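Chains, contacts and geometry: an overview
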Amino acid sequence: MDYKDKRDKKLDSRKSMTDTTPLLEYSYQNQRHNYYRFNSCPISSSFSMEMTTTVLPRQLRSIFLGVDVGTGSARAGLFNEDGKLLSTANSPIQIWKDGDCVEQSSTDIWLAICTVVKTACALGNVSKEEVKGLGFAATCSLVAVDSEGEPVTVSWSGDTRRNIIVWMDHRAVKQAERINASNSPVLQYCGGGVSPEMEPPKLLWVKENLQESWSMAFRWMDLSDWLTYKATGDDTRSLCTTVCKWTYLGHAHMQQINEKDSRDMEACGWDDGFWEEIGLGDLVDGHHAKIGRSVAFPGHALGSGLTLHAAKELGLMAGTPVGTALIDAHAGGVGVMESVPASDSESIVDEDAISRRMVLVCGTSTCHMAVSRTKLFIPGVWGPFWSAMVPEYWLTEGGQSATGSLLDHIIENHVASPHLANRAASRRISIFDLLSEILESMKQDEGSPFIAALTSDIHILPDFHGNRSPIADPKSKGIITGLTLDSSEKQLALLYLATVQGIAYGTRHIVEHCNANGHKIDTLLACGGLAKNRLFVQEHADIIGYPIILPRENESVLLGSAILGAVASKEYPTVREAMKAMNAAGQVVHPSKDTKVKKYHDAKYSIFRDLYEQQQRHRSLMSEALS
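Now for a look at the structure at hand. All residue numbers here refer to positions counted from 1 along the written sequence of the relevant chain. Local features in this predicted model are restricted to residues of pLDDT 70 or higher, and side-chain atom pairs are both shown and tallied only at a pLDDT of 80 or more, whereas totals for entire chains, interfaces and linings draw on every residue. Note that water and hydrogens are dropped before the side-chain values are worked out from all heavy atoms of the structure.

Attention now goes to the side chain of Asp222. Runs of H or I in DSSP of at least four residues are treated as helices and runs of E of at least two as strands, each being numbered from the N terminus. Among the structural elements, Asp222 can be located in strand E9 (residues 219–222). Each residue is placed in one exposure class: buried if its accessible area under a 1.4 Å probe, protein chains only, is under 20% of its type's maximum, exposed if it is over 50%, and partly exposed if it falls in between. Under the counting rule used here, the positive set is Lys and Arg, the negative set is Asp and Glu, and His together with the chain ends is not counted. Only one rule defines a salt bridge in this text: a Lys or Arg side-chain nitrogen within 4 Å of an Asp or Glu carboxyl oxygen. Look at Asp222: it is buried, it has no salt bridge, and the nearest opposite charge is Arg237 at 7.5 Å. Contacts described as polar in this section are N or O atom pairs within 3.5 Å, which, within protein, must combine one atom able to donate a hydrogen with one able to accept it, while residues neighboring in sequence count only if both atoms come from side chains. One polar contact links Asp222 to Trp246, side chain to side chain, over a distance of 2.7 Å. The contact definition used throughout considers only heavy atoms, calling two residues in contact when any of these lie within 4.5 Å. Apart from residues lying up to four places away in sequence, Asp222 is in contact with Thr139, Cys140, Ser141, Val143, Glu199, Thr241, Lys245, Trp246 and Ile327.

Turning next to the pattern of salt bridges. What the rule picks out here adds up to 24 salt bridges. Note that Asp68 and Arg75 form a salt bridge whose closest N and O atoms lie 2.9 Å from each other. Exposure class is identical for Asp68 and Arg75. Each is buried. Sharing partners across several salt bridges, the network here consists of Glu103, Arg162, Asp169 and Arg171.

Aromatic pairing here means that ring centres of Phe, Tyr or Trp (its six-membered ring) are within 6.5 Å. Orientation follows from the plane angle: under 30 degrees is stacked, over 60 is edge-to-face, and everything else is tilted. Here the structure, examined in full by the defined rule, presents 14 aromatic pairs. Ring geometry for Phe297 and Trp386: centres 5.9 Å apart, planes at 75°, overall edge-to-face. Linking Phe297 in the loop between strand E12 (294–296) and helix H11 (308–314) with Trp386 in strand E16 (residues 382–386), this pair joins segments that are 89 residues apart in sequence. The two residues Phe297 and Trp386 agree in class, both being buried. A ring pair is formed by Tyr505 and Phe608, whose centres lie 5.9 Å apart and whose planes are at 45°; its orientation type is tilted. Note that Tyr505 is positioned in helix H17 (residues 489–516) and Phe608 in helix H21 (residues 595–626), a separation of 103 residues in sequence. On the basis of relative accessibility, which here comes to 2%, the residue Tyr505 falls in the buried class. For Phe608, a relative accessible area of 7% gives the class buried. One aromatic cluster is present, built from ring pairs that chain together Trp246, Tyr248, Trp270, Phe274 and Trp275. In this scheme, Lys NZ or Arg CZ marks a charge over a ring once it lies within 6 Å of the ring centre and within 35 degrees of the ring normal. Looking at Arg508, its charged tip hangs above the ring of Tyr605, at a distance of 4.1 Å from the centre.

Within the open sheet, the seven strands sit side by side as E16-E17-E15-E14-E20-E21-E22. Their pairing is mixed. Among the strands making up the open sheet, the edge pair consists of E16 and strand E22 (585–589). Neighbouring strand axes in the sheet, compared pairwise and without regard to direction, differ in orientation by 25° on average. Strand direction decides the pairing type here: strand E20 (residues 523–527) and strand E21 (residues 548–551), joined by two bridges, are parallel. Bridge pairing in E21 links Leu524 to Ile548. In short, DSSP must find at least two bridges between two strands for them to pair. To obtain each axis, a line is fitted to C-alpha atoms, and for helices this fit is confined to the stretch in contact; angles are then taken between N-to-C directions over 0 to 180 degrees.

Attention shifts here to the environment of Leu210. By the secondary structure assignment, Leu210 is in the loop between helix H5 (199–209) and helix H6 (211–216). For the pair formed by Leu210 and Val154, sequence separation is 56 residues and the distance between their alpha carbons is 7.3 Å.

In this section: helix H15 (residues 417–427). Buried residues of H15: Ser417, Leu420 and Ala424, and no others. Viewed along the axis of H15, the buried residues span an arc of 65°, placing them on a single side of the element. Exposed and oriented more than 90 degrees from the buried face of H15 are Pro418, Asn422, Ala425 and Ser426. Looking at the buried residues of H15, the elements they touch are helix H14 (404–412), helix H16 (431–446) and H17. At the C-terminal side of H15, Arg428 shows a positive phi close to 60°. As used here, the arc belongs to the directions running from the helix axis to the C-beta atoms.

Below, the structure is given as structure tokens:
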């Protein structure tokens, strides 16, 4: 069956889906039951008294492996050619936090990956011969290695294990400010300026503060690129990582998208003048050897596939195709952006329908991904990035630096949290589910017209880790108004709800800002851990006023990674074709039709916007007082 037949089969299957189709859940027990039910070896008997059995060889399936390294864990997922999840496994990874400095170990991460890949294959009863392709995704963290591939410390501690500056690390705020003062032309493709979460400020910080490490480092790599290098020995970098986090100008390759034989390209999108101007001219040496001499489109098959050594560590076949990687949020976009229900028939015939969608990748932080045929320069929003996620489309990338981590912070630092956590554990439900139950009970007891109205006196600006978009102010701080001496579980529930709403108002601000600058977004798709939180998703739908589509497979980042492996293996000719074949919609969450709900959120959104304006005035007053 070629990819066109698979696509037609996929479209036929969509016709049976409705906008109320629930999310599908897969359990290992059901997988095993169904596998042995439909794939058990037949038994044949002879006519003699003694029974004999003939075991026929099992037909090998085409399975694709996705690996995702998030902030707190490494995960692996196995998918069939239709994008259905067969099994997953995860393992925690170590993280060191010291103020603005957040660090990890590439050695620890690789060991975790080897564990989860083997575990996922065992749980899914998948042999190494069946894994036809592998893709990686990871946070946009900065990795330093020496000429032997060994870790180089990026830590004040000097600990050689700590060779990764994590994406959320904000040590380089001053370096980012200096870089942005350069007014380099490349900055217009970063929303007008780099963030301290991007790589140039972090590199400049290391050069200025850890001279020995700077001298020892032979390669500086995004974590996703380091993973593919570790797996294949191929130092080719991804257009996704270099364009989105390194100021690489991907549109220098606009004419090379049609090259079918090879999409491994000599790096011609570096702006050498930019690196010289900001004090990192030594990275230009050797045709940019330390930061990337060649780049490739996501999904391009790297090297000769898995090296013998990496294959042995992962429990896979040497030579298994490995696709050029994606940043984790961008893999989530690839794994969900074509997950539209059959009722959205225009998506099948209108190729530009994809340009009216925005993907929310909701985890520790939230990334807001939208694509367009033309480049749109949007102040305070990253991009436009050419072919950084969907080939031949310009990517706009908004974001909130603290969402899941902010909810955890609000809950864990409340005096009622330990007792609430114990109650949730005793009932074997999440603390979020218990908080939702408390809110529903409060609604009934207080006669509130709807749950959201419970927070009429509490307003939160969620910039506890700065504002990534659309204000692009890393110095912005969080604000809570409406606090009392109440320390009960009910008060914690209200703070939790108000925080969810504050995050949703931030997303509304990003969507409105993008639409005011050329986008025409009218549909949201959500994936990631927070997409499993019903209250979180419903509040976003009500506050933004657009339907939110949840994918059939909630593990969209893993699916996006697996899609890279499917393209590298030639199962599908392009990332876009693989997306259409392997994405599928689940439930659609619609905004409330109650006009009172809209009026309420419009009022709270106005207060939300005013909180930042108040903060600016307060900062100005204090700056004058201290001058």
